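Residues per chain are reported as follows:
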Amino acid sequence: MSTRAVYDFIDNGKWAHKSVSIYKHHDGYPNGAIGFILNATKIHVPSGDEFTNYRNDTNIRDRLVVGFFVNNVESGMMEITRGHKFHGDLEYRYEIIGSNDHAFSHEIKIFERDYYSDDETPSKLIFDGTLKEAMDKYLEERGVA
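What should I look at first to understand the environment of His87 in this one?
With respect to the helices, strands and loops of the structure, His87 is situated in the loop between β3 (78-81) and β4 (92-97). The sequence separation of His87 and Ala5 amounts to 82 residues, and the corresponding C-alpha distance is 8.9 Å. Excluding residues that lie within four positions of it along the chain, His87 makes contacts with Val6, Tyr23 and Thr81.

In structure tokens:
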């Protein structure tokens, strides 16, 4: 069974487009999704250091979007989408706000579908913290951390 999710990669910068959203058809539950988000930070691996092989003017959000696609390409169907409001079949939604400090300090918010809400796109916040905190919580449940 598929657990669908949208990943919103958000830029808080003054000039950039606010967010890029990716719809992923499979493994959207938190202990699968956190692994996909962690993979998004790994496009820089050849240099051995977080994002050092990018030019300084490359937007952190864009680095994460490229990393998400490149490093999760074999993990099921995914596509750029207009946002979570265009998918009525979502179980989860993730907001990722990139940090230039370190990959593990990216901010992560996890929203789960709320079947008891009357809202048009009902969801409730179930996690708000850093990627490191999400890894400790959700990857440990999977026996990976």
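What follows continues from the structure just given.
I tried to follow the sheet that holds strand β5 (residues 107-113) on my own but got confused; where do I start?
Whether parallel or antiparallel, the strands of a sheet pair through hydrogen bonds between backbone atoms. Judged by pairing direction, the sheet is mixed, and its six strands sit side by side in the order β3-β2-β1-β4-β5-β6 without closing on themselves. Looking at strand neighbours, the two that pair on one side only are β3 and β6 (123-130), the edges of this open sheet. In this sheet, neighbouring strand axes are inclined to one another by 20 degrees on average, regardless of whether the strands run parallel or antiparallel. Sheet topology places β5 next to β6; seven bridges connect them, and they run antiparallel. Following the sheet pairing, Lys109 is matched in β6 by Asp128. Across the sheet, helix α1 (residues 30-40) lies against β1 (5-10), β2 (19-24), β4, β5 and β6, angled at about 30 degrees from β4, the strand it touches most. Contacts from helix α2 (residues 60-71) reach β1, β2, β3 and β4 within the one sheet, and its direction differs from that of β2 by about 15 degrees.

How should I be thinking about the pattern of salt bridges in this particular structure?
Side chains that differ in charge, positive against negative, can pair when their charged atoms come close. Counted according to the given criterion, the structure contains five salt bridges. A salt bridge links Arg93 to Glu95; the nearest nitrogen and oxygen atoms lie 2.8 Å apart. When its relative accessible area of 11% is taken as the criterion, Arg93 is described as buried. In this structure Glu95 comes out as buried when scored by relative accessible area, which is 18%. Across the pair Lys132 and Asp136 runs a salt bridge whose closest N-O atoms are separated by 2.7 Å. Residue Lys132 and its partner Asp136 are both found in helix α3 (residues 131-142); the two are separated by four residues, about one turn of the helix. Judged by its relative accessible area of 35%, Asp136 is partly exposed. Linked by salt bridges that have partners in common, Asp8, Arg93 and Glu95 make up one network.

Would you mind going over the side chain of Arg93 with me for this structure?
By secondary structure assignment, the location of Arg93 is in strand β4. Of the polar contacts made by the side chain of Arg93, one reaches the side chain of Glu95; its length is 2.8 Å. Not counting the four nearest positions on each side in its chain, Arg93 is found in contact with Val6, Asp8, His84, Lys109, Ile110, Phe111 and Ser123.

Just checking my understanding: could you explain the side chain of Asp8 for this structure?
Structurally, Asp8 is set in strand β1. Look at Asp8 and you get buried, because its relative accessible area is 6%.

What should I look at first to understand α2 in this one?
Helix length check: α2 (12 residues) gives 16 Å between terminal C-alpha atoms against 16 Å at 1.5 Å per residue, within 8%. All buried positions along α2 are accounted for by Ile60, Arg61, Arg63, Leu64, Val65, Gly67 and Phe68. Next to the buried residues of α2 lie β1, β2, α1, β3 and β4. Two to three positions downstream of the cap, the backbone nitrogen of Arg61 sits 2.6 Å from a side-chain oxygen, assigning the N-cap of α2 to Asn59.

Any chance you could explain unusual backbone geometry here in plain terms?
Most peptide bonds take the trans configuration, and most residues that are not glycine carry a negative phi. With a phi close to 55 degrees, Asp27 is a non-glycine residue in the positive phi region. Residue position: Asp27 is located in the loop between β2 and α1.

Criteria and thresholds
Residues numbered from 1 in each chain as written. Predicted model: local features only at pLDDT ≥ 70, side-chain atom pairs only at ≥ 80, totals over all residues. Heavy atoms only, no water. Helix = DSSP H or I, 4+ residues; strand = E, 2+ residues; numbered from the N terminus. Contact = heavy atoms within 4.5 Å. Pairing = 2+ DSSP bridges. Axes fitted to C-alpha atoms, helices over the stretch in contact; angles between N-to-C directions. Salt bridge = Lys/Arg side-chain N within 4 Å of Asp/Glu carboxyl O. Buried < 20%, exposed > 50% of the residue type's maximum accessible area, 1.4 Å probe, protein only. Polar contact = N/O pair within 3.5 Å; in protein donor to acceptor, adjacent residues only side chain to side chain. Expected span 1.5 Å × (residues − 1).

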